[in-house]
Amino acid sequence: MTVNQISTKFVIRNLQNNDIPELVSLPRIEGREMGQETEILTWLNVDPYGIFVAETIEDGQIAGCCCGIALSDTHGYIGMYVVKSNYRGLGLGRILWNAAINRLGDRNVSLSSAPAMMGFYREKGGFSFTAKWTVDLYIGTNPILPSNAFSRPLPFTVLVYPNGPFIQHVIDYDHSVHKYDRSVIVKQTIEEKGTLTVMALNASIDDNLQTTGYACMKKGLQGRWLIAPVYAEDYSSARSLLHGLMTALSDDQRKEGVVAKLVSSNIEAAKLFNELGMKKTSYQLQRLFTKEVFEIPENKIFALQSSVFCTE
């Protein structure tokens, strides 16, 4: 089908708030491990023009989507690239892809690629730079608390509320990890309905409290509890954060399952999630870039915020 023919059957436009309930059905059917409607609303608030949908002219259904959201003035990501099965093979995906790519302009663009799509993204999409680490999925069907659950682990953790006194500490710590301003992303993430956020604190030599990490958890699209992200200075801080998140769940909630996406090069993260009874799955994504690999402090990223939205 030509571009002109597609234009007579579909409208390519930006996502609107009232589209979100219908939109989430696309990644849910595909088995994507991501947040629910509130997470999509977060990214819509971060970049109101960064998520594109194809709407059928005949009945107004959403047939596909692709996002191209600017993370900063210099880099962005492509994600949530899905076309409904009955609309595939028409060239609709390519039009959505082009809309997202054009949105990001001259930025260094990243995405997370499944093995089957690597050739397309590298050869036809221009994503010729590859990170040395992969995105690995860990799932626990009935996770357990860290081994020292009967004695509160250190550093200690506190709950972070959207309008509470600790929000700026989380923003500052996030900046120390990512090295660019993600304050809007952090605030929107913490404000997501149903999201629990904890922050790790450790006393310094002069008795001042230092932030040594933070973590979030929410119900995911596949019904499991999604731990995303976990950023921490060290293993002890990450363990305290996970202890804080796990103790917030009831026994029945833990039985619903827990999921997290890890950076393959962080061996301590794998050790920690194994300690929780979570196992690595066969799911693995490669992070690709258009201009250069965007370096991240892999040792501080114990769980990614998102592979759908490629925030790291």
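Here the structure is shown first, and the text comes after it.
Heads up: these notes are all about the structure in this document. (Residues numbered from 1 in each chain as written. Predicted model: local features only at pLDDT ≥ 70, side-chain atom pairs only at ≥ 80, totals over all residues. Heavy atoms only, no water.)

Attention shifts here to the pairing of strand S5 (residues 108–113). Walk down a regular strand and you will see the side chains alternate between the two sheet faces. Counting buried residues in S5 gives six out of six residues, a clear majority hidden from the surface. Side chains Asn108, Ser110 and Ser112 of S5 all project onto a buried face; the interleaved residues Val109, Leu111 and Ser113 project onto the opposite face, where all are buried too. Sheet topology places strand S4 (residues 75–83) next to S5; three bridges connect them, and they run parallel. Bridge pairing links His75 to Asn108 in S5. Read from S4 through helix H5 (residues 92–104) to S5, the crossover connection turns out right-handed. In terms of strand pairing, S5 meets strand S12 (residues 279–289) through four bridges, oriented antiparallel. By the bridge assignment for S12, Ser110 is matched with Phe289. (Buried < 20%, exposed > 50% of the residue type's maximum accessible area, 1.4 Å probe, protein only. Helix = DSSP H or I, 4+ residues; strand = E, 2+ residues; numbered from the N terminus. Pairing = 2+ DSSP bridges. Right-handed = clockwise from strand over helix to strand, strands pointing away.)

A word on the side chain of Thr311. Position of Thr311 among the secondary structure elements: in the segment after strand S13 (301–303). Thr311 gets classed as buried once you look at its relative accessible area, which sits at 1%. Within the local environment of Thr311, its side chain forms a polar contact with the side chain of Glu312, the two groups lying 2.9 Å apart. What Thr311 contacts, discounting residues up to four positions off in sequence, is Trp43, Leu71, His178, Tyr180, Arg182, Tyr231, Gln305 and Ser306. (Polar contact = N/O pair within 3.5 Å; in protein donor to acceptor, adjacent residues only side chain to side chain. Contact = heavy atoms within 4.5 Å.)

Mapped onto the elements, Asp136 comes out in strand S6 (residues 129–140). For the pair Asp136 and Thr157, spaced 21 residues apart in sequence, the C-alpha separation works out to 26 Å. What Asp136 contacts, discounting residues up to four positions off in sequence, is Ala260, Lys261, Leu262, Ser264, Lys280, Tyr283 and Gln284. Engagement of the side chain of Asp136 in a polar contact is seen with the side chain of Gln284, the distance being 3.1 Å.

A word on empty space enclosed by the protein. Using the criterion set out here, one finds three cavities of 30 Å³ or more in the structure. In this model, the largest cavity occupies a volume close to 60 Å³. In this structure, the largest cavity is lined by 13 residues; those nearest its centre are Glu33, Leu226, Lys261, Gln305 and Ser306. Contributing elements (two or more residues each) for the lining of the largest cavity: strand S10 (225–232) and strand S11 (258–263). Looking at the lining of the largest cavity, the element that brings in the most residues is S10, giving three residues. (1 Å grid on protein atoms, 1.4 Å probe; cavity = no way out; pocket = protein on both sides within 12 Å on 5 of 7 lines; lining within 4 Å. Points joined across faces, edges and corners; volume = space filled by probe spheres on them.)

Of all hydrophobic cores here, the largest spans 27 residues; its most connected members are Ile227, Val230, Leu242 and Phe273. When residues of this core are traced back to their parent elements, those giving at least two are strand S8 (196–203), strand S9 (209–219), S10, helix H9 (235–247), S11, helix H11 (267–275) and S13. The greatest single-element share of this core, amounting to six residues, is contributed by H9. With residues near it in sequence (within four places) discarded, Val230 still touches Tyr214, Ala215, Ala238, Leu241, Leu242, Lys300, Ile301, Phe302 and Ala303. With 25 residues, the next largest nonpolar core counts Ile51, Val53, Cys67 and Leu71 among its residues. (Core = buried A, V, L, I, M, F, W, Y, C linked by side-chain atoms within 4.5 Å.)

Take the layout of surface pockets next. In this structure, the largest pocket spans a volume of roughly 630 Å³. Lining the largest pocket are 32 residues, and of these Arg32, Tyr81, Ala114, Met117 and Tyr121 sit closest to its centre. When residues of the lining of the largest pocket are assigned to their parent elements, the largest contribution, six residues, is made by S4. Residue classes in the lining of the largest pocket are distributed as 17 nonpolar, nine polar and six charged. (Nonpolar A, V, L, I, M, F, W, Y, C, P; charged D, E, K, R; others polar.)

The subject of this paragraph is the pattern of salt bridges. Close approach of charged atoms allows side chains with opposite charge to pair. What the rule picks out here adds up to 14 salt bridges. As a salt-bridge pair, Glu298 and Lys132 come within 3.1 Å of each other at their nearest N and O atoms. With Glu298 in the loop between S12 and S13 and Lys132 in strand S6, the pair connects residues that are 166 residues apart, well separated along the chain. You can call Glu298 buried: its relative accessible area is 14%. In this structure Lys132 comes out as exposed when scored by relative accessible area, which is 68%. Measuring nitrogen to oxygen at the nearest pair gives 2.8 Å for the salt bridge that ties Arg182 to Asp174. When sorted by exposure, Arg182 lands in the same class as Asp174, which is buried. Taken together, the shared-partner salt bridges in this structure form one network comprising Arg13, Asp19 and Glu55. (Salt bridge = Lys/Arg side-chain N within 4 Å of Asp/Glu carboxyl O.)

Tallying each qualifying case throughout the model produces 12 aromatic pairs. Ring geometry for Trp43 versus Phe309: centroids 5.3 Å apart, planes at 20 degrees, classification stacked. With Trp43 in helix H4 (residues 37–46) and Phe309 in the segment after S13, this residue pair connects regions lying 266 residues apart in the sequence. The pair Trp43 / Phe309 is uniform in exposure class, with both members buried. With a relative accessible area of 0%, Phe309 lands in the buried category. Taken together, the aromatic side chains of Tyr81, Trp97, Phe120, Tyr121 and Phe127 make up a single cluster linked through ring pairs. For Lys271, the ring lying beneath its charged end belongs to Tyr235, and the centroid distance is 5.0 Å. (Phe/Tyr/Trp six-rings, centres within 6.5 Å; stacked < 30°, edge-to-face > 60°. Lys NZ or Arg CZ within 6 Å of the ring centre and 35° of its normal.)

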